[in-house]
Amino acid sequence: MAKKYVYLFSEGNANMREILGGKGANLAEMTNLGLPVPQGFTVSTEACTQYYEDGRQINGDIQAQILDAVVELEKIAGKKFGDKENPLLVSVRSGARASMPGMMDTILNLGLNEEVVETLAKKSGNPRWAWDCYRRFIQMFSDVVMEVGKKYFEQLIDEMKEKKGVTQDVDLDADDLKELAFQFKEEYKSKIGEEFPSDPKVQLFEAVKAVFRSWDNPRANVYRRDNDIPYSWGTAVNVQMMAFGNMGDTSGSGVAFTRDPATGENQFFAEVLMNAQGEDVVAGVRTPMHIDAIKETMPEIYDQLLGIAHKLENHYRDMQDMEFTIEDGKLYMLQTRNGKRTAKAALKIAHDLVKEGKISKERAILAVDPRNLDTLLHGSFDKAAVKGATQIGKGLPAAPGAAAGKIVFSAEDAVEWAARGEKVVLVRLETSPEDIEGMKAAQGILTARGGMTSHAAVVARGMGSCCVAGCSELVMDEDNKTFQLGGKTYKEGDCISFDGSTGDIYDGLLPVLDGSIEDEDFKTLMRWADDFRTMKVRTNADTPEDARKARELGAEGIGLCRTEHMFFGEGRIDTFREMICSSTKEEREEALEKILPMQQKDFEQLYEALEGMPVTIRFLDPPLHEFVPTEEADIQKLADAKGKTVEEIKALIQGLHEFNPMMGHRGCRLAVSYPEIAVMQTRAVIRAAIAVNKSHPGWKTMPEIMIPLVGETKELQFVKQIVIDTANEEIAKAGVNMSYQVGTMIEIPRACLIADEIAANADFFCFGTNDLTQMTYGFSRDDAAKFFPDYYDAKIMENDPFAKLDQNGVGKLVKMALDLGKPANKDLHAGICGEHGGDPTSVEFCNSLGLDYVSCSPFRVPIARLAAAQAAIKQSNKKYNA
């Protein structure tokens, strides 16, 4: 029996997301619920995978199943595809397993040709509608399927509006739209070199192929990398009977949310654009009306939509984002999905749904994307500065946060300017999916058109960027890179600021304050998360300020203190350079003696910030050449301090040069060559702990000393002995009873292979996954980003392995080290301290390995806490209220 690739909506349900994609599964589920859904069929994600396996071709079996489904749809509709008497028109939309708003392509009004459009014009008595559908179809087919580009058609529309003396598309009459349709076809022919296809079946297969192709377009690839969506999933294609929102004043299209997507308030929120198709709302071509506008004019529709919204939220037990069309006074539901929302809204909705008894705490924890917690810490403007600022305009508060920067007018410029360190804001008439990389690079997005559900708003909310949309006062001149607002002309490079929470736009740069987590919903969800997670979350911190911020955000200790960062402070680097350029051990010890009290004070401040929690201190790791001076004045200063000539100092500096310093004289190798460095650092660590424990009798600060870059057991034994001898001497001298631990950073593949030997000599393992990734792949983490885009394009890699842990390679080494190390030392504890500790997917993997903790930068601590809770829930055998 042939494999099934195509399913009617009536054959599916919500549990078939992997095959039908999210949109297809939900259309099937709404059909099962008896909601007014225009019927259709779904070409499965497996057909997409097969399309790529067959060299980007739809094979005969899949084509036959699509044509069979068309026949069934014709029976349901009572219309025929391409028929001159009673034609069937369809939409063709993508629908991946995970929601990817705006990333892939849609074609509406498919099935039209010159004969069919004339039939529709006559039968409907509404020629304007018929020709509007046709010109839209030609434009979308040309853009999406043949990749001609929308701008050529937009220019023709603008020329027609100027010729007719109107400003809106809806003011063009039937004759204008008919003329545009023929102009569009000529434009198509001039660009493609052949006539626009008139056979609906040809149109359909080309459209399905185009949607499959769009799975691999640049913006979809970027979105997938950012949201951990595997390329192998593929997208489904939904072919659905058209419902027309552009038939006149009793028709329209809109988007609705069962709760406010910006704040999470339990209030129905919707926007509608009358006499328009769905793409107009999403693209932000015109600014839509609030749904209250039809409460008086179409009360039955309003009540029906509100009832459906309640039914869907209760059914899915989550906030729903719905697309609908009103066709000549009749409501149709085109889509529902769990709605994209701000982090603040996600927390409130999750908390409220638990309070309302609709979901369990476990499900609430799983409902919040940990990555979006970043946005809670996004800034706001200084209130005093706002009072003195000049407000130049106001738009819709589409995505919260504060943005201030230099104006750029294109996504490409945003990326380029940001790469050279400029803070920019992207100002556009409206954004399109092609702008995603520029939107990511910008501090915020400001658009002249579009509503709260426009592309700019949805994407900005999803990525945590500030956005103000629909600023109708803004007069744009994109060609000359200027706009007018508040009686002033702004050009590229001028500065503005805007508030995505209020929609207010200001002249010049306003200071942006750090975000705050003083939010009860956040605190509640984090408490729940902490109750469920089994893995600890520490922080990577080198300063008391970082440590205090991490504690505020819930860190349970320091997993990595990089002591080398402390040597760069004012008044320290000169002394450290003197140590490096010393000729004898005695000279080095003299310089280190000056550094010792500074280092001790640093550690005391860290211990105090952590209030007795564990602190892991990594001894000096980088190669010494990173600390030496390069400026002539600094070299002269060092020469004077050491009583040497400039030439002698330069010779010493040259002697430190290495061809491959990251694999050179660094880490534990420095302590082998210069034991006095390890002696000084041990004294500082132990003395600081003794001092803090004396001043805080209730605390039991127990330092964890981490020896880096061990690849041979004897290296660890050699340096550990120095540490033990020095530490025990200090403890005995102080007359106290204090514990400490000595462990190692596992960052060399060989260390993973001999982890049993190393574990016998270590109290703990801390996996330095940044360097372990570098050593395992043979990639330089400082340079690999230059060629990673080529690897993404060639489908060699889907993610940056320095951002998301490579579970198949590096992950296997981590598992191997644990499997070898724990039996050799039953008291061994282990964690990771690369930035992978703040990546949710990597955190889930670490939890599955049984690591004791992950450690990440302070502002990623909440992300790691929530991700660890989600991992514990997912990996638990206990059933939860799903």
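Refer to the preceding data block for the structure.
Throughout what follows, the structure given in this document is the object of discussion. All chains use their own residue numbering, which begins from 1 and follows the written sequence. Selection of residues for local features in this predicted model requires a pLDDT of at least 70, selection of side-chain atom pairs for listing and counting requires 80 or more, and totals for whole chains, interfaces and linings are taken over all residues. Here the side-chain values reflect all heavy atoms present in the structure, with hydrogen atoms and water set aside.

**Quick look at the pattern of salt bridges**
Then, number 1: By definition, a salt bridge exists where a carboxyl oxygen of Asp or Glu is found within 4 Å of a side-chain nitrogen of Lys or Arg. Using the criterion set out here, one finds 70 salt bridges in the structure.
Then, number 2: The salt bridge partner of K394 is D504, with a shortest N-O separation of 2.8 Å. With K394 in strand β14 (residues 391-394) and D504 in strand β24 (residues 504-507), the pair connects residues that are 110 residues apart, well separated along the chain.
Then, number 3: According to the relative accessible area criterion, K394 is partly exposed, its value standing at 41%.
Then, number 4: Each residue is assigned to one of three classes by its accessible area relative to the maximum for its type, calculated with a 1.4 Å probe on protein chains only: buried under 20%, partly exposed between the two thresholds, exposed over 50%. The buried category is assigned to D504, whose relative accessible area is 12%.
Then, number 5: Linking D494 and K491 is a salt bridge whose minimum nitrogen-to-oxygen distance equals 3.4 Å.
Then, number 6: Taken together, the shared-partner salt bridges in this structure form one network comprising D530, R533, K536, E556 and R865. Counting from the N terminus, the helices are DSSP H or I runs at least four residues long and the strands are E runs at least two residues long.

**Overview of helix α27 (residues 713-734)**
Then, number 1: The span expected for a helix works out to 1.5 Å for each residue beyond the first. When the terminal C-alpha atoms of α27 are compared, their 31 Å separation across 22 residues agrees well with the 32 Å that a helix rising 1.5 Å per residue should span.
Then, number 2: T713, E715, L716, V719, K720, I722, V723, T726, A727, E730 and I731 are the residues of α27 that are buried.
Then, number 3: Where α27 is buried, its residues contact α25 (668-673), α26 (675-695), β29 (703-707), β30 (741-746) and α29 (755-759).
Then, number 4: G735 sits one or two positions beyond α27 and adopts a positive phi of about 70 degrees. Throughout, a residue-residue contact means that at least one pair of heavy atoms, one from each residue, lies within 4.5 Å.

**What to know about the pairing of strand β2 (residues 40-43)**
Then, number 1: Side chains G40 and T42 of β2 all project onto a buried face; the interleaved residues F41 and V43 project onto the opposite face, where all are buried too.
Then, number 2: Only strands joined by at least two bridges in the DSSP assignment are considered to pair. Note that strand β1 (residues 6-8) and β2 share three bridges and pair antiparallel. Looking across to β2, one finds that L8 is bridged to F41.
Then, number 3: In terms of strand pairing, β2 meets strand β7 (residues 235-241) through four bridges, oriented antiparallel. Considered in β7, the bridge of G40 is made with Q240.

**Notes on the sheet that holds strand β5 (residues 90-96)**
Then, number 1: Pairing is antiparallel across the open sheet formed by five strands, whose spatial order is β1-β2-β7-β5-β6. Of all strands in the sheet, those bounded by a partner on one side alone are β1 and β6 (106-110). Strand after strand, the sheet turns through a mean of 20 degrees between neighbouring axes, direction not considered.
Then, number 2: The sheet strands contacting helix α1 (residues 17-32) are β1, β2, β5 and β7, and the helix crosses β5 at an angle near 125 degrees.
Then, number 3: Sheet strands in contact with helix α3 (residues 60-77) are β1, β2, β5 and β7, and its direction is about 165 degrees off that of β2. Helix axes are fitted to C-alpha atoms over the stretch in contact, other axes to C-alpha atoms as well, and angles between N-to-C directions run from 0 to 180 degrees.

**With respect to the pairing of strand β21 (residues 482-485)**
Each regular strand displays side chains that alternate between the two surfaces of the sheet.
Then, number 1: Summarising the sheet, strand β20 (residues 475-477) and β21 pair through three bridges and their orientation is antiparallel. Across the sheet, V475 pairs through a bridge with Q484, a residue of β21.
Then, number 2: Between β20 and β21, which follow one another and run antiparallel, lie four residues, and K481 among them has a positive phi close to 55 degrees.
Then, number 3: Bridge count for β21 against strand β22 (residues 488-491) is four bridges, and the pairing is antiparallel. Counterpart to F483 in the pairing with β22 is Y490.

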